Amino acid sequence: MRNLKSILSAIAMMALVCSCSSDSDNPVPNPTPTPPAEAFKGVIFATSITNPEGNNGSGYMQALPDMLSGTYDNSNGVPVGFGVSPIPVESGSVYVLPDYMGNAKAEIVRYGIDAAGKWEKKGVLPIPAGAAACNIVELNSEKAYVSLQGLGIVMAFNPATMARLADIDLNSLRQEDTRVAPAAMIIRNGKLFVGLNQMNAQYMPARNNIELAVIDTKTDKVEKHIVNTTLGLCFATRPISPRSIFMDENRDIYINCIGSFGFIPEFHGGIVRIKNGSTDIDPGYSIRCDQTEVSGLPAKYADFFGEVCYGGNGQLYAYANCYLLDPKGMENPYLSLTNIPVVIDLKQKSISVIKGMEISNPQGIAIGRYKNLMVFGSANKKANGFYTYNPATKEVAGPVMQVKGNPTFFHSFAK
Amino acid sequence: MARAGRKWLPVLLAWLFGTLTVAAQEAVVYGTITDEKTGEPLAGASVSAVEGRVGAVSDAGGCYRLRIQAGRMQLTFQYMGYKTARRDLTVHDSLRCDVRLRTAENELGEVTVTARSEMRRLKESAMPISVIGQRQLQGTASSINDVLARTVGVTVRNTGGMGSASRISVRGLEGKRMGMYVDDAPMSQLSNFVALNDIPTNMIERIEVYKGIVPYKFGGSALGGAVNVVTKEYPPVYFDVSYEIGSFGTHQVSAVMKRTDRRSGLQFGIGGVCTLAKNNYRMALDNLGGRTVERNHDRFGKIMGGMSLKATKWWFDEMKLELVAMKTRQEIQGIDFDVREAYNHSVNYITALTLKRRNFFLDGLDLDFDAGYVAGRYGLRDKAMHRYDWDGRELPPVSAFGGEQNSFPSDGRNRSGELTAKLNMGYTVDMHHTVNLNIYADRTSLHPSDSLMDRALGFRSNFPSRMNTLTVGFSYDLTLFGGRFQNAFTLKSFLFSSDSRSIDTYSVNEPEPVRVSKNYLGFSDALRYKFTDDLMLKASFNSEVRIPTSEELIGNGYSILASPALKPERTTGANVGLLYRRVKADGGLVEVELNGFYNQLEDMIRFTPDMIPTMARYRNFGSVRTKGVELEAKGDVCPLLYLYANGTYQDLRDVRKTIPGTEVENPTHGMRIPNVPYLLANFGAELHRENLFGGRGQNTRLLFDASYVHRYFYDFEMSKYQERRIPTSLTMDAAVEHSFDNDRWTLTLKMRNLAGRRVVSELNRPLPGRYVGFKVRYLFK
């Protein structure tokens, strides 16, 4: 019986991990899932369009019954925040956040999708203006957390009623010359691990520290402030990339550190981990971008990983940002083609370019998993759309779905 | 600031009133010269007195002003193609004398060659232009923006109450593409500190709104159009003071005094403006569930004083020196947060010299020279160590060093200096041909300093910079068929250079020098043909460039990076219009104007953010095509009632086919440019009657103005579920104005946003509700 329980929980865990969802790592207690008969089994994706002023724009998400090839405009798109991703969770809900840079209704909307792919507004959570909400994880059907970058706060709320439960103030964890901005999060064994971005006035790190906060989900109190200064990496998790903190099959937590977005040579990006049973960063494990050659990349080294998605079996699929790919890379991020799809072997600590995939601009990078395929959203020289990669055959196809605007997000509910 | 204003106000008034004791010694005759049939102003008509020894020429609006010795005299009015008119007058101090000239096709011979230099202004009438006169400047309006907002093809988008930033656009093109001028002189860098809106309406003779083509005489490189505020010409003795008190703690005082010494011909002027406003109206916060709060940190205070000295007998026909000083303090009103401490401040000093001489060493050659220097000290002070939300909750500042705005604190102590000079030389060859040379030069130097911001950013971010621009314009005007046909062709050359330092990326610790030097060419042509006395056709074409501003080119050192490769924006546009204008038998006027326009803006300079919000820069990014139509009708329905209505449809579309640098179809190709109104209309009525309540020398006006802006999207129109839009607004203003003692006293009770409607600008900028104001004005002349 004990063995059976272990096997079942392992299977459940595998299924959750493979879904590439940000909160798919919290098997106990489980949010109430939508009854299978009514569950949506299709795919959802999002695009973004920039306004002429340049500093604002709009995003749209859509649901399809399957990953059907074709060209999709945004006429049926549900508006989502500009600069942030929609966040699907295991319960079947999809959270839509306001614009990351503000000037939008300060509220989080929880959507459900019926079996036919129709969006249903399930509830609205008001948040403070200027909060720069960036990530949500659900603990169970009655408790979830949202990180508010702009305020240094993680807010606990009830997803069923969309009512605020508590504010967990992390501002006391700030460094002397930075402000602390909670970023992507994950729950493991009742502990909420919150990536902390320590940012100066230029949104840049001031020192090579990897920092996380550990919050007890029972008390909503900060239990631990994780600080690692030995691995030479910083900026734990990319705030607008929920998948930048994830668990593998061993329940080891992996963290994508952004460094200085490749701008300051001494602040590096890469991958670190917190092993199962520990609340410290594994001092013996890291994949540093500045020290790990990318096989197939002429420039040899990447700057940081703009987007990642764990595909299971120790394979992490990522967009590696490399400014050297475009002579004007640092000059013009709108037109620069600097993001190249790669696969990272977490066990071997190796990185290889996925051959046949297009190089994208940084605005349209999305990675998701669809059945046995990995899906890459790409805004490249030839097309804007979603491409597929078959890890088994190494075959690349696409764009399977062409879109209007930058493809910023993809998620499949099909198992 | 309010305390400071209270302290300064008596001083200013005492200063102004103290000068009233100067005795009157010279007389002035002034007025307008119009066509008897059409009522159209006659620009360039000559007025002479004392057997031709004293003379003047009417301006574009038909206005003239003649300085003479007091006593009896005969004035002679002459204009090509019109019968000469004479008036016998007795003048003590000043006298208005309006004249209507009758056409006389057989009397061309009477017109002497003296008219040729006066023809220079006729070329303007071929351009698409709206002129706002005295009628609109008073009444319900309290500021220039109020008046401009009712002008066909013009959109004014304020972001708050009194003193708030506003965006004026003409036919959809706005901001830096618009030229702002005062008496033909560009405001240029000065517009960073002074808005046209700061000029009291009492001091304005008229406002000219040029659409598409900017007259060559203005200089500079505006390409969307221009707004030129023409201030009043004054009689020898003039004193004008007004005070307005209104809702939201608004107080406005303005005063002007002019005095002319007969013997020396020197005119001395002094004036000032003081504006204070709490702007404490209630506003709904759309982003925060629609809750309503009172604006609590939006006090605006501006005090401005100036003096001028004008000589008319020192070889030049006019030689004028002006000195102006102004001080502004404006709190920053929070919308998302309850901002409690941040404010902007500036102190500026302006000097200006004007020289004018007709027949400058050569008969028919006119010289017009302006030079000015503006010295400014300004900055944002944002040092708060706490932020607050609207529930009163204390939050940490935006950076470890404080601040309520952006991502860093500020304690700006910036200095700027700008030297401008404009030379205009026009030569009238004969009654058919005129040539003109215009040279405009501008040198701007900025010395920003903000040690607090530097500390927060971790590096020195503020560097001095210089920018020089030179615009040379040559124009040729042709007049044929007795003035029925006019054509003005202008060729312009634009040169600019800049010198600064900039941190290009974070990986560069030392700033790199940025030096740029470029030149471009542009041209325009405008023609007019009068089919009949009442009906004329206007057509124009232009292909012009706009030089990037210093911020666009060299950034600001901390949040906007330099873009030395930036190209100027270029427009190609055309306008065709029909104007019908008739003076009725009872003297009333009927005017209908229809214009169609087309414009293509290439290499549009856009603000583009980076992966990191503080690494934005300007880029040439886009191409916008505008098509539109404007219709305006106005007239005196009967001697008591004047009505006007106008409508504008302007369709701005993104015409980039592909995303730059790719083969990918532009997702917004063919779509309407968002956040620009496209359907606007205005309507108004004025009921006026002299001596309504008996007595003499009284006039009563009842005014009503309505303004409609159709809803428009904040983002590109993509989805049927899109919600972010600026809602339709219909605002109504009304006023009752009563003047007595021949306009010496005027009392005005005005209400703006009569219905107290909720009006929002820029998606999330709530505008004031109902405003009630009372204004009293005393005018002595």
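Computed from a prediction, not measured in an experiment: that's the story for all the values here.

A short note on the overall build of chain B
A count of helical and extended segments in chain B gives 5 helices and 50 strands. Across the 781 residues in chain B, those meeting the buried criterion constitute 47%. When contacts within chain B are restricted to residue pairs at least 6 apart in sequence, those whose partners lie at least 24 apart make up 64%.

A closer look at the overall build of chain A
From N to C terminus, chain A includes 1 helix and 30 strands. Classification of the 415 residues of chain A by burial places 58% in the buried group. Counted over contacts in chain A with a minimum sequence separation of 6, partners at least 24 positions apart contribute 49%.

Comments concerning unusual backbone geometry
Residue and element names in this part refer to chain A. A cis geometry characterises the amide bond from G398 onward to P399, with omega recorded as 5°. Looking at the element boundaries, P399 is found in strand β29 (residues 395-403). In this model, K394 sits at a positive phi of 65°, which is unusual for a non-glycine residue. Among the structural elements, K394 can be located in the loop between β28 (384-390) and β29.

A look at the interface of chain A and chain B
Taken together, the 55 residues of chain A in the interface contact 51 residues of chain B. Elements that contribute at least two residues to the side of chain A that touches chain B include exactly β2 (57-64) and β4 (78-80) of chain A. Take the side of chain A that touches chain B: its biggest share by element is 3 residues, from β2 of chain A. Per-class residue counts for the side of chain A that touches chain B are 25 nonpolar, 21 polar and 9 charged.

So, the pairing of strand β16 (residues 221-228) of chain A
All names here are of chain A. Direction of pairing for strand β15 (residues 210-216) relative to β16: antiparallel, over a ladder of 7 bridges. For D216, the partnering residue across the bridge sits in β16 and is K221. The hairpin turn running from β15 into β16, its antiparallel successor, is 4 residues long, and D220 in that turn takes a positive phi close to 60°.

Considerations on the pairing of strand β43 (residues 699-709) of chain B
Residues and elements named next belong to chain B. Inspection of the sheet shows strand β42 (residues 679-690) paired to β43 by 11 bridges, in the antiparallel sense. Paired with A685 across the bridge in β43 is F704. Note: β43 against strand β46 (residues 729-740), 11 bridges, orientation antiparallel. The partner of F704 across the bridge, within β46, is A734.

Overview of the confidence of the model for chain B
All names here are of chain B. In the predicted model, chain B carries a mean pLDDT of 81, and the fraction of residues at 70 or more is 86%. By mean pLDDT, helix α1 (residues 2-18) is the weakest element of chain B at 39, and strand β21 (residues 291-294) is the strongest at 93. For the stretch residues 1-25, pLDDT sits under 50, and the model shows 34 contacts to residues farther than four places along the chain or on other chains. Contacts for the low-pLDDT stretch residues 105-124, under 50 throughout, to residues beyond four places or in other chains number 46 contacts. If you check the scores for this complex, the pTM reads 0.80 and the ipTM reads 0.81.

A closer look at the confidence of the model for chain A
Residue and element names in this part refer to chain A. With 88% of its residues at a pLDDT of at least 70, chain A reaches an overall mean of 88. Highest mean pLDDT in chain A belongs to strand β18 (residues 253-257) (98); lowest belongs to helix α1 (residues 2-18) (38). Contacts for the low-pLDDT stretch residues 1-35, under 50 throughout, to residues beyond four places or in other chains number 63 contacts.

Focus: the environment of S445 of chain B
Residue and element names in this part refer to chain B. If you trace the backbone, S445 turns up in strand β30 (residues 433-447). C-alpha separation for the pair S445 and S500, spaced 55 residues apart in sequence, amounts to 9.8 Å. Beyond its immediate sequence surroundings of up to four residues, S445 is in contact with S416, G417, P464 and R466.

Observations concerning the sheet that holds strand β26 (residues 366-370) of chain A
All names here are of chain A. Spatially, the 5 strands line up as an open sheet ordered β3-β29-β28-β27-β26, and their pairing is mixed. Looking at which strands have only one partner, the edges of the open sheet turn out to be β3 (70-72) and β26. Going across the sheet, the axis of each strand differs from the next one's by a mean of 30°, ignoring polarity. With 5 bridges connecting them, β28 and β29 associate as antiparallel partners. In the sheet register, T388 faces β29, and the bridge partner there is A397.

Here we look at the environment of G482 of chain B
Residues and elements named next belong to chain B. Residue placement: G482 occurs in the loop between β31 (465-480) and β32 (485-502). Residue class for G482 comes out partly exposed when judged on the 13 C-beta atoms lying within 10 Å of it. It is 9.0 Å that separates the C-alpha atoms of G482 and M431, two residues lying 51 residues apart in sequence.

Considerations on the sheet that holds strand β14 (residues 191-199) of chain A
Residue and element names in this part refer to chain A. If you walk across this open sheet you meet the 4 strands as β13-β14-β15-β16, and the pairing is antiparallel. Two strands lie at the open edges of the sheet, namely β13 (179-188) and β16, each paired on one side alone. Direction aside, neighbouring strands of the sheet carry axes that sit 25° apart on average.

Here we look at the nonpolar core
Within the largest apolar cluster, 131 residues are counted, with the highest numbers of intra-cluster contacts made by L148 and A320 of chain A. Of all the elements, β13 of chain A adds the most residues to this core, at 7 residues. Ignoring sequence-local partners within four residues, the contact set of A320 of chain A consists of V294, A302, F305, I340, V342 and I351 of chain A. Ranked by size, the runner-up nonpolar core spans 30 residues in total, among them L137, V154, V170 and M178 of chain B.

Some details on the environment of T47 of chain A
Residue and element names in this part refer to chain A. On the secondary structure map, T47 appears in strand β1 (residues 43-50). By C-beta crowding, T47 is classed as buried, having 29 other C-beta atoms within 10 Å. C-alpha of T47 to C-alpha of A366: the two residues are 319 residues apart in sequence and 9.7 Å apart in space. Leave out the neighbours within four places in its chain, and T47 touches G59, Y60, N74, V403, K404, G405, N406, P407 and T408.

Calculation rules
- Residues numbered from 1 in each chain as written.
- Chains lettered and ligands numbered in written order.
- Predicted model: local features only at pLDDT ≥ 70, side-chain atom pairs only at ≥ 80, totals over all residues.
- Helix = DSSP H or I, 4+ residues; strand = E, 2+ residues; numbered from the N terminus.
- Buried ≥ 20, exposed ≤ 12 C-beta atoms within 10 Å, placed from the backbone.
- Contact = placed C-beta atoms within 7 Å.
- Nonpolar A, V, L, I, M, F, W, Y, C, P; charged D, E, K, R; others polar.
- Pairing = 2+ DSSP bridges.
- pLDDT = per-residue confidence, 0-100.
- Axes fitted to C-alpha atoms, helices over the stretch in contact; angles between N-to-C directions.
- Core = buried A, V, L, I, M, F, W, Y, C linked by C-beta atoms within 7 Å.

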